[in-house]
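These are the residues of each chain, in order.
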Amino acid sequence: MIKTIVQGIQLDEKSSYQKGPALAPPLIREALYSGASNLYSENGTDIKNTIDDKGDFIIKNYFDIETITREHLESGNKILTLGGDHSITFPIIKAHHKKYPVIDILHIDAHSDLYDSYEGDKYSHACPFARIMENNFAERLVQIGIRTLNTHQAEQAKKYNVEIHEMKTLDLKHLPKFKNPLYISLDMDAFDPAFAPGVSHHEPGGLSSRQVIDIIQAIDSEVIGADIVEYNPNRDFQNMTAYLAAKMMKEILSKMIK
Ligand code: MN
Ligand code: MN
């Protein structure tokens, strides 16, 4: 059976507000393998034997993320990354670009992360999708769950042709269909804080667990990679956000091995 690589990227130095996401990867794994649930996704896939776990990487140099990801991609398998803050998505996508020159990205988040620069840092967790789009690493960027657009980010979205499905007008019956190979980037703060308290930025008015699961299950194009980012264990209650991240990991992995 073809396996999916899991890599944990322990970095939160590019978080603007609170640290903590560097602690996330081992806790998501612990939730995944805990006795509280089984290892089946809802579509009946046993993901137990589909994971090639490369372990966790404590990142001292941001640019090492690209190197680590490229080395793992060279094995020929797809990668699901556990973050880490959202800054990690840019070097991950950069590493994918050679192998997958034309991709679409489905980005699920409360924030569009399109700042040209944030607090003087072009690689802040508020900027990864500006970096991705200015480098033409994605043909199409679709964002779902957004509820924090400001003027600058709305202008950036226009400049880079980003398709934004804001919470205020979200219609899950008309989800976008993708033509190109798809990368999924899931920021845990896309969920309403009631479902996922373990994030740095509590932004009310978000998606339910069920809604995000439905969005993932509705995807019918090839998923070539994914990340689950911004889980902050310092803010969690009873590990409930870790369990939600583990659940999403199962749902996304079942799509990736198809
Ligand atoms: Mn984000
Ligand atoms: Mn966010």
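Keep in mind it's a predicted model, so treat the numbers as computed, not measured.

**Looking at the overall build of the protein chain**
When you go through the protein chain residue by residue, the secondary structure sums to seven helices and eight strands. Over its C-alpha atoms the protein chain spans a radius of gyration of 16 Å, differing by no more than 12% from the 18 Å that the globule rule assigns to 258 residues. Along the three orthogonal principal directions, the C-alpha set of the protein chain runs to about 45 × 40 × 40 Å. The buried share of the protein chain, taken over its 258 residues, is 59%. Of the contacts formed within the protein chain by residues at least 6 apart in sequence, a portion of 77% connects residues at least 24 apart. Here the protein chain contributes 28 positively and 36 negatively charged side chains, and the mean placements of these two sets differ by 4 Å.

**Regarding the packing of helix H2 (residues 64–73) against helix H3 (residues 89–97)**
The N-to-C vectors of H2 and H3 enclose an angle of 40 degrees; their axes lie 8 Å apart at closest approach. Comparing their axes, H3 and H2 come out oblique. Note on packing geometry: the crossing formed by H2 with H3 is right-handed. Where H2 abuts H3, its residues Ile65, Glu66, Thr69, Arg70 and Leu73 lie against Pro91, Ile92, Lys94, Ala95 and His96. Taken together, the residues that form the contact of H2 with H3 break down as five nonpolar, two polar and three charged.

**Focus: the coordination of the manganese ion (ligand 1)**
Coordination sphere of the manganese ion (ligand 1), protein contribution only: His86 (ND1), Asp109 (OD), Asp113 (OD) and Asp187 (OD), at 2.1 to 2.2 Å. Read in sequence order, the donor residues coordinating the manganese ion (ligand 1) give the pattern H-x22-D-x3-D-x73-D. Between the manganese ion (ligand 1) and the manganese ion (ligand 2) the interatomic distance amounts to 3.3 Å, and Asp109 serves as a bridging ligand to the pair. You can see Asp113 sitting in the loop between strand S4 (104–108) and helix H4 (128–134) and its partner Asp187 sitting in strand S7 (residues 182–187), a full 74 residues away along the chain. Classification of Asp113 by relative accessible area gives buried; the value is 6%.

**Let's talk about the coordination of the manganese ion (ligand 2)**
Distances from the manganese ion (ligand 2) to its protein donors, namely Asp109 (OD), His111 (ND1), Asp187 (OD), Asp189 (OD) and Asp189 (OD), fall within the range 2.2 to 2.5 Å. Counting gaps between the donor residues of the manganese ion (ligand 2) yields the pattern D-x1-H-x75-D-x1-D.

**Overview of unusual backbone geometry**
Along the chain, Gly83 connects to Gly84 via a cis peptide bond; the corresponding omega equals 15 degrees. The topology assignment puts Gly84 in the loop between strand S3 (79–82) and H3. Its identity as a non-glycine residue notwithstanding, Asn136 has a phi of 55 degrees, on the positive side. Although it is not a glycine, Glu230 adopts a positive phi angle of roughly 75 degrees. Considering the arrangement of structural elements, one finds Glu230 in the loop between strand S8 (223–229) and helix H7 (240–256). With a relative accessible area of 2%, Glu230 lands in the buried category.

**Here we look at the pattern of salt bridges**
A complete count under the given rule lists 16 salt bridges for this structure. Residue Glu222 is joined to Lys78 by a salt bridge in which the shortest nitrogen-to-oxygen separation is 3.3 Å. With a gap of 144 residues between them, Glu222 in the loop between helix H6 (209–217) and S8 and Lys78 in the loop between H2 and S3 connect regions that are remote in the sequence. Among the residues examined, Glu222 registers a relative accessible area of 44% and is labelled partly exposed. Across the pair Arg131 and Asp116 runs a salt bridge, and its minimum N-O distance is 3.0 Å. Taken together, the residues Arg131 in helix H4 and Asp116 in the loop between S4 and H4 connect sequence positions 15 residues apart. When its relative accessible area of 2% is taken as the criterion, Arg131 is described as buried. Salt bridges here are not isolated pairs; linked through shared partners, they connect Glu42, Arg210, Asp214 and Lys247.

**A closer look at the packing of aromatic side chains**
Summed over all chains, the structure comprises six aromatic pairs. Between the aromatic rings of Phe63 and Tyr123, the centroid separation amounts to 5.4 Å while the plane-to-plane angle is 85 degrees, which identifies the pairing as edge-to-face. Of the two residues, Phe63 sits in the loop between strand S2 (51–58) and H2 while Tyr123 sits in the loop between S4 and H4, which places them 60 residues apart along the sequence. We classify Phe63 as partly exposed; its relative accessible area is 43%.

**Observations concerning the sheet that holds S4**
The sheet built from eight strands is open, its strands ordered S2-S1-S3-S8-S7-S4-S5-S6 with parallel pairing. The sheet is open, and its two borders are formed by S2 and strand S6 (163–166), each paired with just one other strand. Here the strands of the sheet are splayed against their neighbours by 15 degrees on average, with no regard to which way each runs. Alignment of strand S1 (residues 4–10) against S3, held across four bridges, turns out to be parallel. Each bridged residue has a counterpart across the sheet, and for Ile5 the counterpart in S3 is Ile79.

Here is what the cut-offs are and how they apply
Residues numbered from 1 in each chain as written. Chains lettered and ligands numbered in written order. Predicted model: local features only at pLDDT ≥ 70, side-chain atom pairs only at ≥ 80, totals over all residues. Heavy atoms only, no water. Helix = DSSP H or I, 4+ residues; strand = E, 2+ residues; numbered from the N terminus. Rg over C-alpha atoms; globule rule 2.2 N^0.38 Å. Buried < 20%, exposed > 50% of the residue type's maximum accessible area, 1.4 Å probe, protein only. Contact = heavy atoms within 4.5 Å. Lys, Arg positive; Asp, Glu negative; His and termini not counted. Charge placed at Lys NZ, Arg CZ, Asp CG, Glu CD. Axes fitted to C-alpha atoms, helices over the stretch in contact; angles between N-to-C directions. Parallel < 35°, antiparallel > 145°, perpendicular 65-115°, else oblique. Left-handed = near helix turned anticlockwise from the far one by under 90°. Nonpolar A, V, L, I, M, F, W, Y, C, P; charged D, E, K, R; others polar. Donors = N, O, S within 2.8 Å, 3.2 Å for Na, K, Ca; no water. Salt bridge = Lys/Arg side-chain N within 4 Å of Asp/Glu carboxyl O. Phe/Tyr/Trp six-rings, centres within 6.5 Å; stacked < 30°, edge-to-face > 60°. Pairing = 2+ DSSP bridges.

Honestly, that's just the spatial picture; any functional story needs more than this.
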